[in-house]
Amino acid sequence: MRVEDNLRSIQANIEHACKVSGRQPSEVKIIAVTKYVSVERAKEAVEAGIVHLGENRDEGLLNKWEHLKDKPIWHYIGTLQTRKVKNVMDKIDYLHSLDRLSLAKEVNKRATKKVKCFVQVNVSGEESKHGLNPGDVLEFVKDLAQFENIQVEGLMTMAPYTEDELLLRRCFQNLKSLQHEVQQLHLDYAPCNELSMGMSNDYQIAVEEGATMVRIGTALVGEKSEV
Ligand SMILES: *Cc1c(COP(=O)(O)O)cnc(C)c1O
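The residue count restarts for each chain, going from 1 along the sequence in the order it is written. Given that this is a predicted model, residues contribute local features only at a pLDDT of at least 70 and side-chain atom pairs are listed and counted only at 80 or more, while totals for whole chains, interfaces and linings are drawn from all residues. Heavy atoms from the whole structure form the basis of all side-chain values; hydrogens and water molecules are not counted.

1. Concerning the overall build of the protein chain
Counting from the N terminus, the helices are the DSSP runs of H or I reaching at least four residues and the strands are the DSSP runs of E reaching at least two. Tallying secondary structure elements over the protein chain gives nine helices and eight strands in all. Only C-alpha atoms enter the radius of gyration, while the globule expectation follows 2.2 Å times N to the 0.38, with N the number of residues. Computed over the C-alpha atoms, the radius of gyration of the protein chain is 17 Å, within 12% of the 17 Å expected from 2.2 N^0.38 for a compact globule of 227 residues. For the protein chain, the spread of C-alpha atoms along the principal axes amounts to about 45 × 40 × 30 Å. Working definition: with a 1.4 Å probe on protein chains only, accessible area under 20% of the residue-type maximum means buried, over 50% means exposed, and in between means partly exposed. Looking at the protein chain residue by residue over its 227 residues, the buried ones come to 52%.

2. Some words on the side chain of Lys-64
In this structure, Lys-64 sits in helix H3 (residues 58–68). Given a relative accessible area of 4%, Lys-64 falls into the buried group. A polar contact is formed between the side chain of Lys-64 and the side chain of Glu-55, at a distance of 3.0 Å. Setting aside residues no more than four positions away along its own chain, Lys-64 makes contact with Thr-34, Val-37, Ser-38, Val-39, Ala-42, Glu-55, Lys-69 and Trp-74. We call two N or O atoms a polar contact when they sit within 3.5 Å, provided that within protein one can donate a hydrogen and the other can accept it, with sequence-adjacent residues counted only if both atoms are side-chain atoms. In this description, contact between two residues means that some pair of their heavy atoms is separated by no more than 4.5 Å.

3. Re the site of the ligand
Distances are taken per atom, and a residue is near a molecule or strand as soon as one of its heavy atoms is within 4 Å of it. Neighbouring the ligand are the residues Val-33, Lys-35, Tyr-36, Ile-77, Met-156, Met-158, Met-199, Ser-200, Arg-215, Ile-216, Gly-217 and Thr-218. Within the side chain of Lys-35, one N or O atom sits 2.6 Å away from an oxygen atom of the ligand. In the environment of the ligand, an oxygen atom lies 2.5 Å from a nitrogen or oxygen atom belonging to the side chain of Ser-200. Each accessible area is a Shrake-Rupley result for a 1.4 Å probe, and residues are judged covered by the shown protein chains and nothing else. For the ligand, whose unbound accessible area comes to 390 Å², protein coverage reaches 92%. If you map the ligand onto the pockets, it falls in the largest pocket. A class-by-class count of the residues in the shell around the ligand yields seven nonpolar, three polar and two charged. Using only the protein atoms, space was sampled on a 1 Å grid; points where a 1.4 Å probe fits but cannot get out form cavities, open sets with protein on both sides within 12 Å along at least five of seven lines form pockets, and lining residues are those with an atom within 4 Å of a point. Put plainly, a molecule is in a cavity or pocket when over half of its atoms are within 2 Å of the grid points there. Just so you know the grouping, Ala, Val, Leu, Ile, Met, Phe, Trp, Tyr, Cys and Pro go in nonpolar, Asp, Glu, Lys and Arg go in charged, and all remaining residues, Gly too, go in polar.

4. Re the layout of surface pockets
Counted as a void, the largest pocket has a volume near 550 Å³. Lining the largest pocket are 27 residues, and of these Lys-35, Asn-56, Ile-77, Met-158 and Met-199 lie nearest its centre. Partitioning the lining of the largest pocket into residue classes produces eight nonpolar, eleven polar and eight charged. Grid points are joined across faces, edges and corners, and a volume is the space filled by probe spheres set on the points. Its volume calculated, the second largest pocket comes out at about 210 Å³. As for the second largest pocket, its lining consists of Leu-7, Gln-11, Ile-14, Glu-15, Pro-25, Val-28, Lys-29, Ile-30, Gly-49, Ile-50, Val-51 and His-52. Only helix H1 (3–21) and strand S1 (29–33) provide two or more residues apiece to the lining of the second largest pocket. Take the lining of the second largest pocket: its biggest share by element is four residues, from H1. Taken together, the residues that form the lining of the second largest pocket break down as seven nonpolar, three polar and two charged.

5. Some words on helix H2 (residues 39–47)
The set of residues buried in H2 consists of Val-39, Arg-41, Ala-42, Ala-45 and Val-46. The buried residues of H2 all sit within an arc of 165° when viewed along its axis, so they share a single face. Opposite the buried face of H2, by more than 90 degrees, sit the exposed residues Glu-40 and Glu-47. On the buried face of H2, the contacting elements are H1, strand S2 (52–55), H3 and helix H9 (218–221). Once H2 finishes, Gly-49 follows within two positions and takes phi at roughly 110°, a positive value. Throughout, the arc means the angular range of directions from the helix axis out to the C-beta atoms.

6. What to know about the packing of aromatic side chains
Any two rings among Phe, Tyr and Trp, with Trp reduced to its six-membered ring, count as a pair given centres within 6.5 Å; such a pair is stacked if its planes are under 30 degrees apart, edge-to-face if over 60, and tilted if neither. Inspection of the entire model under this criterion finds one aromatic pair. Seen in terms of ring centroids, Tyr-94 and Phe-118 are 6.2 Å apart; in terms of plane orientation they differ by 45°. Their pairing is tilted. Taken together, the residues span a long stretch of sequence, with Tyr-94 in strand S4 (residues 94–98) and Phe-118 in strand S5 (residues 115–120) at a distance of 24 residues. We note that Tyr-94, like Phe-118, is buried. Positioned above the aromatic ring of Trp-65 is the side chain of Lys-91, whose terminal nitrogen or guanidinium carbon lies 4.7 Å from the ring centre. Ring-over charges, as used throughout, are those where CZ of Arg or NZ of Lys falls within 6 Å of the ring centre and within 35 degrees of the ring normal.

7. Some remarks on the packing of H2 against H3
Closest axis-to-axis distance for the H2/H3 pair is 10 Å, and the angle between their directions is 55°. Considering their axes alone, H2 and H3 lie oblique with respect to each other. Seen along the crossing, H2 lies across H3 with a hand that is right-handed. The residues of H3 that touch H2, namely those facing Val-39, Ala-42, Lys-43 and Val-46, are Asn-63, Lys-64, His-67 and Leu-68. Tallied by class, residues from the contact of H2 with H3 come to four nonpolar, two polar and two charged. Whenever a helix is involved, its axis is fitted only over the stretch in contact; in every case the axis is a line through C-alpha atoms, and angles between N-to-C directions fall within 0 to 180 degrees. Geometric relationships in this document are graded by angle, where less than 35 degrees denotes roughly parallel, more than 145 denotes roughly antiparallel, 65 to 115 denotes roughly perpendicular, and other angles denote oblique. Two helices that cross are described as forming a left-handed crossing if the nearer one is turned anticlockwise from the farther one by less than a right angle, and a right-handed crossing if clockwise.

This is how it looks when you write it as structure tokens:
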């Protein structure tokens, strides 16, 4: 499938999810996750009109970045080791995986301007997933006050890989209610207006539950995928 065709189906699905939940499609940005695919395929995505690209490893990011340079907006979506921060800092526009103060400290130190971050939350409580426990998020966000270059744009989560729609909805709803709690802190550095949630198998549900950024790999740029 061409990226363009996949994109059209995904956009139609997002429009439908917006319709049933009383939202506007313009509230939802699509991040094309290119971690599994070639530079050529990433280029095809940009040519199809994709503005946001996501990578989860520094090598992958640097490689794609070299070839596409400043065309797309770059999102770093994977776990980031502290020692790798310096490799990616001046290449990315958003960091979706802020999950510990040691990482915040290093990002703050290496930043040349304010870095737009998402605090990653492990809402499902699965041991394999990264992110803060929901109960620790408010304290964590308050602790970020000491880092002048960190801006909390929103919260991010990865839902479990499951067909259980109710479970998925509950995950996304939990992230949304946490977002509300962060907003109630009224911190200048943490407007927290964004929700990064939803992947190939669950983005429609995520949009219905309030996602403002969906991170889609397989269904969008996967070479064999169908939506
Ligand atoms: C790989 C990945 C995605 C995209 O996954 P798909 O299921 O291929 O859409 C989204 N978010 C994160 C953090 C990822 O690592």
